[in-house]
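Descriptive structure summary
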Amino acid sequence: MKKLEQLYEGKAKKVFATDDPNVVLVDYKDDATAFNGLKRGSIAGKGVINNRVTNFLMQMLEKNGIPTHFIEEISDRETLVKKVSIVPLEVIVRNIAAGSLSKRLGLPEGTPLKRTVIEYCYKNDDLGDPMVNEYHIAAMEWVSKPELDKIAAYALKINDLLRKYFKGLSIDLVDFKLEFGITADGELVLADEISPDTCRFWDSKTHEKLDKDRFRRDLGGVEEAYQEIIHRLMGE
Ligand code: TMP
Ligand code: ASP
């Protein structure tokens, strides 16, 4: 498959057209941003790790009944995925209080949640990705009600699968963000990435942070944390 013109450049990835109109090529960058692009930097080797970790997890989820956009990893940083129309929602799933939830509700970070929490944010950088609820989503017609129900069901199933998988690697899955898209055939699929950029991973024993919070909060050891995740997942 040929890599053709660049269609889009995001904060962490570039997307290119291919000679198949239903397939695009994602190219992962080492660039890192936080706080809606206010903080900028680079994490050496991040693009390679996020590409490989995302593809590994997407394939695990596919095997367990979650449809994804994944087609084929073609290099360390490049993957072919189904072209989708992205649902403009960030779907956040939380098991343990941290980050913006801790701030909003005054809950100490690390407080276990008695039920899994799902939040939706409208994907819009100019507005700072504001949190929205099902009523806003219906009123704005960002996605239909049956599709939103399916998104929530997939998000909970993905949480069960990932949580168990990471527990086996001695990692607590604190929270994470998902994005979904709709293919040319009208199929709802998991899209974007699942990586230390988009999840909070805490070591089960030491509670050490093994994710992008090390960059967001200037904790040091950023590259090492990303390497630790790929090492535990894939033994590299
Ligand atoms: P939050 O606590 O800052 O709302 O983040 C919740 C989860 O979502 C956390 O695992 C990080 C992830 N996330 C993203 O992937 N992209 C974002 O833009 C934000 C704000 C959070
Ligand atoms: N990626 C997001 C941004 O820079 C925020 C984050 O991951 O904290 O906008």
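What follows deals with unusual backbone geometry. Both trends apply: most residues other than glycine have a negative phi, and most peptide bonds are in trans. Of note in this structure, F35 is not a glycine but carries a positive phi near 55°. By secondary structure assignment, the location of F35 is in the loop between β4 (31-34) and β5 (39-42). Here the phi dihedral of E141 falls at roughly 55°; this positive angle occurs in a residue that is not glycine. In this fold, E141 is placed in the loop between α3 (134-140) and α4 (145-167).

In this section: the side chain of D211. Inspection of the secondary structure assignment puts D211 in the loop between β14 (199-203) and α5 (213-216). Of the side chains with opposite charge, R216 lies nearest to the buried D211, which makes no salt bridge, at 4.6 Å. In this structure the side chain of D211 is engaged in a polar contact, spanning 2.7 Å, whose partner is the backbone nitrogen of D213. Apart from the residues lying within four places of it in its own chain, the contact partners of D211 are P196, C199, R200, F201, W202, A225 and Y226.

Cut-offs and rules
Residues numbered from 1 in each chain as written. Chains lettered and ligands numbered in written order. Predicted model: local features only at pLDDT ≥ 70, side-chain atom pairs only at ≥ 80, totals over all residues. Heavy atoms only, no water. Helix = DSSP H or I, 4+ residues; strand = E, 2+ residues; numbered from the N terminus. Buried < 20%, exposed > 50% of the residue type's maximum accessible area, 1.4 Å probe, protein only. Lys, Arg positive; Asp, Glu negative; His and termini not counted. Salt bridge = Lys/Arg side-chain N within 4 Å of Asp/Glu carboxyl O. Polar contact = N/O pair within 3.5 Å; in protein donor to acceptor, adjacent residues only side chain to side chain. Contact = heavy atoms within 4.5 Å.

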